[in-house]
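Reading the structure
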Amino acid sequence: MSAKYKLVMNPVSQIIRGKGLDASGDVQVFHTQNVLRRIQKYMPYRTGATIKLTIAQTDIHKPEIVTDMPYAKFLFYGKLMVDPKTGAAGFMTKNGWRSRKGVPKVRSGRDITYTKTKHPNAGPRWDRALSAAEGKAMAADLQRYIDRKR
């Protein structure tokens, strides 16, 4: 005698969404919040403006940290951006630091020297620095969050 069985299952996308594992699910939101909180100590800090804008610009319901400002790219990559004609980052005027209007800067081969007074771990590639230093701890945080949901 033989029996036939039929397995009826929800689509994988529905299962993933139901467990909060999709791009805007609660597991991803938890992880994005955790990364946003932890990454700050690897970001340069002089006035705090870059970190404040990163917090304001990041939508924790999306799996990305956003730092969208004119100087963010050179801070992130750690290379000085300069005027292609003058080879300088800018010049001082009576109104503060300026650069030539409408001239896009290019990445130089010179490294940025980060101020480490407030954030001793500040440097380029904040994502990689965070992952190397705290990746295992973040994975453990995420696992504990998932375990609490069961």
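Residues numbered from 1 in each chain as written. Predicted model: local features only at pLDDT ≥ 70, side-chain atom pairs only at ≥ 80, totals over all residues. Heavy atoms only, no water.

**Considerations on the overall build of the protein chain**
Basically, it comes down to this: Counting from the N terminus, the helices are DSSP H or I runs at least four residues long and the strands are E runs at least two residues long. Computation of the radius of gyration draws on C-alpha atoms alone. For the globule rule, the value is 2.2 Å times the number of residues to the power 0.38.
Helix and strand content of the protein chain: 5 helices and 4 strands. Of the regular secondary structure in the protein chain, the N- to C-terminal order runs α-α-α-α-β-β-β-β-α. In terms of overall dimensions, the protein chain is more spread out than a globule: its C-alpha atoms have a radius of gyration of 22 Å, far above the 15 Å expected for 150 residues. In terms of overall dimensions, the protein chain has a C-alpha envelope of 90 × 30 × 25 Å along the principal axes.

**Re the layout of surface pockets**
Let me state the cut-off plainly: Using protein atoms alone on a 1 Å grid, points that fit a 1.4 Å probe yet trap it form a cavity, whereas open point sets bounded by protein on both sides within 12 Å along at least five of seven lines form a pocket; residues with an atom within 4 Å of a point count as lining. Grid points are joined across faces, edges and corners, and a volume is the space filled by probe spheres set on the points. When residue character is reported, Ala, Val, Leu, Ile, Met, Phe, Trp, Tyr, Cys and Pro are called nonpolar, Asp, Glu, Lys and Arg charged, and the others, Gly included, polar.
Volume-wise, the largest pocket comes out at about 810 Å³. Surrounding the largest pocket, 25 residues form its lining, Arg46, Tyr71, Phe74, Leu75 and Trp97 being those nearest its centre. Looking at the lining of the largest pocket, the elements with two or more residues in it are helix 3 (49–57), helix 4 (72–77), strand 1 (79–82) and strand 3 (96–98). Per-element tally for the lining of the largest pocket: the top contributor is helix 3, with 3 residues. Along the lines of polarity and charge, the residues of the lining of the largest pocket split into 14 nonpolar, 7 polar and 4 charged. Empty space within the second largest pocket amounts to approximately 150 Å³. Broken down by secondary-structure element, the contributors of at least two residues to the lining of the second largest pocket are helix 4 and helix 5 (126–149). Residue composition of the lining of the second largest pocket, by class: 7 nonpolar, 2 polar and 2 charged.

**Looking at unusual backbone geometry**
Positive phi, close to 45 degrees, is recorded for arginine 125, a residue that is not glycine. Within the secondary structure layout, arginine 125 lies in the loop between strand 4 (106–111) and helix 5.

**Focus on the pattern of salt bridges**
Put simply, the rule reads: Each reported salt bridge corresponds to a side-chain nitrogen of Lys or Arg within 4 Å of a carboxyl oxygen of Asp or Glu.
A complete count under the given rule lists 8 salt bridges for this structure. In this structure, the salt-bridge partner of aspartate 83 is arginine 100, at a minimum N-O distance of 2.5 Å. Remark: arginine 100 occurs in the loop between strand 3 and strand 4 and aspartate 83 occurs in the loop between strand 1 and strand 2 (91–93); sequence separation between them is 17 residues. Within the structure, one salt-bridge network assembled from shared partners comprises Arg38, Lys41, Glu134, Asp141 and Arg144.

**Observations concerning the packing of aromatic side chains**
Geometrically, a pair of aromatic rings is defined through the distance of the ring centres and the angle of the planes. Definition in use: Only centres within 6.5 Å qualify two rings of Phe, Tyr or Trp (six-membered ring in Trp) as a pair; their planes then separate them into stacked at under 30 degrees, edge-to-face at over 60, and tilted for everything else. Any residue under 20% of the maximum accessible area for its type is buried, any over 50% is exposed, and the rest in between are partly exposed; the area is computed with a 1.4 Å probe on protein chains only.
This structure, assessed with the given rule, holds 3 aromatic pairs. Ring centres of phenylalanine 30 and tyrosine 145 lie 4.4 Å apart, and the angle between their planes is 10 degrees; this geometry places the pair in the stacked category. Separated by 115 residues along the polypeptide, phenylalanine 30 in helix 2 (residues 26–39) and tyrosine 145 in helix 5 bring together distant segments of the chain. Taking the relative accessible area as the measure of exposure, tyrosine 145 reaches 17% and is therefore buried. For the pair phenylalanine 76 and tyrosine 77, a centre-to-centre distance of 5.1 Å together with 85 degrees between the ring planes defines the contact as edge-to-face.

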